[in-house]
Amino acid sequence: MKNKKNVLYGLAIIMVGLIYFPVLAQQKSGTHRASFSGEWRTKESIAMDGNIVCCYNSGDRMLAKTMKITEGANFLTVAVSSSFPGTAAVTSQEKLGFDGKAGEVDHGPGRGKKFTVKLSPDGQTMTVNSTVQLMVATPYHVNVQKQAVVYVTEVWKLSNDGKSISVQANAKSTLIGTGRSWKTVFDKAG
């Protein structure tokens, strides 16, 4: 009788182990997800060196070919150093908050951008909607500036393995009636 009791206890312990450990392993792999944090590099900036419908100021993350992203509880901090060809690089940092509040970057009179950011429930896709204001020369009167507005939507998708971020950008401007669309891929450095 004592042997039968020990065998039943042993079988019960084995059964608990057979159920518990696979469930534990599945929970750990299910909660782990790739992160936007890290250093990222691309061959062509999101703004393609400012050659889209709008121009950004030096130091803007849209001009950067390298980004260092730090992920917080409800935001990302994007640190960059960027410039136009032939000009000195400018370092800046932009906080992309997921709290629904608009962020703003002021580049001086008539120049800057306002943006909102939304993160998908799985944390793998981020949508940034920006309104960029800039001053541009008027045709035939280069010394006369007028304000232009550009609306940009960026959809950032983090790969499942966490080794790349693809950014699908769409822009429309008050300067040009038609919009432009392009894709930029950043690879994780190191």
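Conventions used here
- Residues numbered from 1 in each chain as written.
- Predicted model: local features only at pLDDT ≥ 70, side-chain atom pairs only at ≥ 80, totals over all residues.
- Heavy atoms only, no water.
- Helix = DSSP H or I, 4+ residues; strand = E, 2+ residues; numbered from the N terminus.
- Buried < 20%, exposed > 50% of the residue type's maximum accessible area, 1.4 Å probe, protein only.
- Contact = heavy atoms within 4.5 Å.
- Areas by Shrake-Rupley, 256 points an atom, 1.4 Å probe, with all protein chains shown as cover.
- Salt bridge = Lys/Arg side-chain N within 4 Å of Asp/Glu carboxyl O.
- pLDDT = per-residue confidence, 0-100.
- Core = buried A, V, L, I, M, F, W, Y, C linked by side-chain atoms within 4.5 Å.
- Phe/Tyr/Trp six-rings, centres within 6.5 Å; stacked < 30°, edge-to-face > 60°.
- Lys NZ or Arg CZ within 6 Å of the ring centre and 35° of its normal.
- Pairing = 2+ DSSP bridges.
- Axes fitted to C-alpha atoms, helices over the stretch in contact; angles between N-to-C directions.

**Some details on the overall build of the protein**
For the protein, the helix and strand inventory stands at one helix and ten strands. Reading the protein from its N end, one meets helices and strands in the order α-β-β-β-β-β-β-β-β-β-β. Counting across all 190 residues of the protein, residues that qualify as buried make up 34%. Pairs at least 24 apart in sequence give 44% of the contacts found in the protein among residues at least 6 apart. Accessible area for the protein stands at about 11700 Å²; split by element, carbon and sulfur atoms hold 57% of it.

**Some words on the pattern of salt bridges**
The tally for this structure, following the rule as stated, stands at four salt bridges. For Glu 39, the salt bridge identified is with Arg 41, shortest N-O distance 2.8 Å. Taking relative accessible area as the criterion, Glu 39 reaches 31% and is therefore assigned partly exposed. A salt bridge links Glu 94 to Arg 61; its shortest N-O distance comes to 2.9 Å.

**So, the environment of His 107**
Tracing the chain through its elements places His 107 in the loop between strand E5 (103-106) and strand E6 (112-119). On the basis of relative accessibility, which here comes to 27%, the residue His 107 falls in the partly exposed class. The sequence separation of His 107 and Gln 133 amounts to 26 residues, and the corresponding C-alpha distance is 9.3 Å. In this structure, His 107 is in contact with Asn 57, Asp 60 and Gly 112, ignoring residues within four places of it in sequence.

**Description of the confidence of the model for the protein**
Taken over all residues, the pLDDT of the protein has a mean of 80, while the share at 70 or more is 78%. Per-residue pLDDT, averaged within each element of the protein, yields its smallest value for helix H1 (residues 2-31) (59) and its largest for strand E1 (residues 38-41) (94).

**Topic: the nonpolar core**
Buried together is how nonpolar side chains tend to be arranged in soluble globular proteins. The biggest cluster of nonpolar side chains holds 34 residues, and the ones touching the most others in it are Phe 36, Ile 46, Met 67, Ile 69, Met 126, Trp 156 and Ile 165. Looking at this core, the elements that each hand over two or more residues are strand E2 (66-71), strand E3 (75-82), E6, strand E7 (125-138), strand E8 (141-158), strand E9 (164-173) and strand E10 (180-188). In this structure, Ile 165 is in contact with Phe 36, Trp 40, Ile 69, Trp 156, Lys 157, Leu 158, Thr 184, Val 185 and Phe 186, ignoring residues within four places of it in sequence.

**Some points on the packing of aromatic side chains**
If you walk through the whole model with that rule in mind, you get one aromatic pair. When the ring centre of Phe 75 is taken as origin, the NZ or CZ atom of Lys 95, which lies over that ring, is 4.3 Å away.

**Focus on the pairing of E1**
As paired elements, E1 and E2 share four bridges and run antiparallel to each other. Paired with Trp 40 across the strands is Met 67, a residue of E2. Of the strand pairs in this sheet, E1 and E10 are connected by two bridges, and their pairing is antiparallel. Residue pairing for E10: Arg 41 is matched across the bridge by Asp 187.

**What to know about the sheet that holds E10**
Pairing is antiparallel in the open sheet, where ten strands are placed in the order E4-E3-E2-E1-E10-E9-E8-E7-E6-E5. The sheet terminates laterally at strand E4 (90-97) and E5, the two strands that pair on one side only. Strand-to-strand twist in this sheet, taken as the mean axis angle between neighbours without regard to direction, amounts to 25°. Bridge count for E8 against E9 is nine bridges, and the pairing is antiparallel. Across the sheet, residue Leu 158 finds its bridge partner in E9, namely Ile 165.

**A short note on the pairing of E2**
Sheet analysis places E2 next to E3, joined by five bridges and oriented antiparallel. Paired with Ile 69 across the strands is Val 78, a residue of E3. From the end of E2 to the start of E3, which pair antiparallel, there are three residues.

**Here's the deal with the environment of Trp 182**
Structurally, Trp 182 can be placed in strand E10. For Trp 182 and Ala 47, which are 135 residues apart along the polypeptide, the C-alpha to C-alpha distance reads 9.2 Å.

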